[in-house]
Amino acid sequence: MITLRNINKSFDTPSGSLAAVKDVSLNIEKGDIYGIIGFSGAGKSTLLRTINLLERPDSGTVIVDGKPLAELSKGQLRQERQGIGMIFQHFHLLNNLTVFDNVAFPLKVAGMPKAERRRRVEECLGILDIADKINTYPSKLSGGQKQRVAIARSIANRPGVLLCDEPTSSVDPQTTGDILKYLAQINRQLGITIVLVTHEMDVVRAICNKVAVMEQGIIVENFSMNDQNYLPKSKIASFLFKRDNFYADEVGVSLHG
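In every chain, residue numbers begin from 1 and rise along the written sequence. Where totals are concerned, whole chains, interfaces and linings use all residues; where local detail is concerned, this predicted model gives features only for residues with pLDDT of at least 70, and gives and counts side-chain atom pairs only at 80 or more. Side-chain measures here rest on the full set of heavy atoms in the structure, leaving out hydrogens and waters.

Quick notes on the sheet that holds strand 5 (residues 67-68)
Heads up, the rule is: Two strands form a pair only when DSSP identifies at least two bridges running between them. The way it works is that DSSP assigns letters per residue, a run of H or I at least four long becomes a helix, a run of E at least two long becomes a strand, and they are numbered from the N terminus.
Strand order in the open sheet formed by four strands is 2-1-4-5, with antiparallel pairing between adjacent strands. The sheet is open, and its two edges are formed by strand 2 (16-28) and strand 5, each paired on a single side. Relative to strand 2, strand 1 (residues 2-13) runs antiparallel, the two being bridged by nine bridges. Its bridge partner being in strand 2, Ile-7 is matched across the sheet by Val-24.

As structure tokens, this is what we get:
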């Protein structure tokens, strides 16, 4: 579903060039909930944003659903991005629009007829159990409700891929469990492949079936969560795996054995 080959990405800083991602290769299969974990500054979010070319790699190849994205025209890339949803840690809702209009926005941009837009918005809000907030403005919502609206918006165009950049960082622990439950449900019921960036091993344990550990722009190891006998090889993975699993009971879903 997603293939990254030898991805490199650097940024210019006052002190010189900073290599955020260094020669990263990953293969993410259809139906995966693939976690990318590491501490702040590891390059996780930059790597995630190369998948839809919000960050264009300096070198390397990004292939999504068989299509090398960098080779597409602007119009073709715009079309392909409709099949790649994205959730950010800071909601990015438009405060002057209702919940309905926020979720409908990408459908309107895509040219979907008005009646069909309404049906799809209602369907997405129903999946996230927030249909009763359809006419509410974001300022009247809790943080968890805002993130659920953002998730509804991200799946409105029926994407095959959903990119999640620290989707639980701005909510409390109880709400984190709820958000993870909805992401697992979306993956299971809609067949959406999810790539999830986090710094919390508990989040990975709760819903991911595969994980890559990232440090200083490099993937130091990756493995399947189904492998009950796997022993972390890197110091960072060993440290992260020592943390207790807090959210698995909240999610109530085991995707990895």
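That was the structure; now back to the text.
Regarding the pattern of salt bridges
Test applied: Here, a salt bridge means any Lys or Arg side-chain nitrogen found within 4 Å of an Asp or Glu carboxyl oxygen. Only protein chains enter the accessibility calculation, which uses a 1.4 Å probe; a residue whose area is less than 20% of its type maximum is buried, one above 50% is exposed, and one in between is partly exposed.
Overall, the coordinates contain nine salt bridges when judged by the stated rule. Across the pair Glu-55 and Arg-49 runs a salt bridge whose closest N-O atoms are separated by 3.8 Å. The exposure class of Glu-55 is buried, given its relative accessible area of 19%. For Glu-80, the salt bridge identified is with Lys-67, shortest N-O distance 4.0 Å. Remark: Lys-67 occurs in strand 5 and Glu-80 occurs in helix 2 (residues 74-81); sequence separation between them is 13 residues. Residue class for Glu-80 comes out partly exposed when judged on its relative accessible area of 22%. Owing to a relative accessible area of 30%, Lys-67 belongs among the partly exposed residues under this scheme.

Digging into the sheet that holds strand 3 (residues 33-37)
Cut-off, in case you're wondering: What counts as an axis is a line fitted to C-alpha atoms, over the stretch in contact for a helix, and the angles between N-to-C directions run from 0 to 180 degrees.
The strand order across the open sheet formed by six strands is 6-7-8-3-9-10, and the pairing between neighbours is mixed. A strand with exactly one partner marks an edge of an open sheet, and here the two such strands are strand 6 (84-87) and strand 10 (218-224). When strand polarity is set aside, the average angle formed by the axes of neighbouring strands in this sheet is 15°. Judged from the four bridges that link them, strand 3 and strand 9 (residues 210-215) form a sheet pairing that is parallel.

Quick word on a nonpolar patch on the surface
Defined as follows: The patches reported here contain residues having more than 30% relative accessible area and no salt bridge. Joining distances are 9 Å for like charges and 5 Å for nonpolar side chains (Val, Leu, Ile, Met, Phe, Trp, Tyr). We get accessible surface area from the Shrake-Rupley algorithm with a probe of 1.4 Å; when it comes to residues, only the shown protein chains can shield them.
A cluster of nonpolar residues, Leu-94, Phe-105 and Val-109, forms a patch on the protein surface that exposes about 290 Å² of accessible area. With respect to the helices, strands and loops of the structure, Leu-94 is situated in the loop between strand 6 and helix 3 (99-109).

Re the packing of aromatic side chains
Put simply, the rule is: When two rings of Phe, Tyr or Trp (its six-membered ring) have centres within 6.5 Å they constitute a pair, described as stacked for plane angles under 30 degrees, edge-to-face for angles over 60, and tilted for the intermediate range. The criterion for a charge sitting over a ring is simple: Lys NZ or Arg CZ within 6 Å of the ring centre, and within 35 degrees of the ring normal.
Tallied over the full model, the rule gives zero aromatic pairs. Above the ring of Phe-100, the side-chain terminus of Arg-118 is found at 4.4 Å from the ring centroid. Here the basic side chain of Lys-181 rests over the ring of Tyr-182, its NZ or CZ set 5.0 Å away from the ring centre.

Some details on the pairing of strand 4 (residues 59-64)
Pairing analysis gives five bridges linking strand 1 to strand 4, with the strands arranged antiparallel. In the strand pairing of strand 4, Thr-3 is matched with Ile-63. In this sheet, strand 5 lies alongside strand 4 in antiparallel orientation, the contact comprising two bridges. Considered in strand 5, the bridge of Ile-63 is made with Pro-68. The hairpin turn running from strand 4 into strand 5, its antiparallel successor, is two residues long, and Asp-65 in that turn takes a positive phi close to 50°.

Observations regarding helix 6 (residues 173-190)
Applied cut-off: By this rule the span expected of a helix is its residue count minus one, scaled by 1.5 Å. Polar contact criterion, stated in full: a pair of N or O atoms within 3.5 Å, where within protein one must be able to donate a hydrogen and the other to accept it, and residues adjacent in sequence count only if both atoms are side-chain atoms.
The terminal C-alpha atoms of helix 6, which comprises 18 residues, lie 25 Å apart, in line with the 26 Å expected from a rise of 1.5 Å per residue. For helix 6, the complete set of buried residues consists of Thr-175, Thr-176, Gly-177, Ile-179, Leu-180, Tyr-182, Leu-183, Ala-184, Gln-185, Ile-186 and Asn-187. Between the side-chain oxygen of the N-cap and the backbone nitrogen of Gln-174 there are 3.2 Å, and the N-cap of helix 6 in question is Asp-172. A positive backbone phi angle near 70° is found at Gly-191, which sits one or two residues after helix 6.

Things to note about the side chain of Thr-46
Take Thr-46: it is sitting in helix 1 (residues 44-50). Overall, Thr-46 belongs to the buried group, its relative accessible area being 15%.

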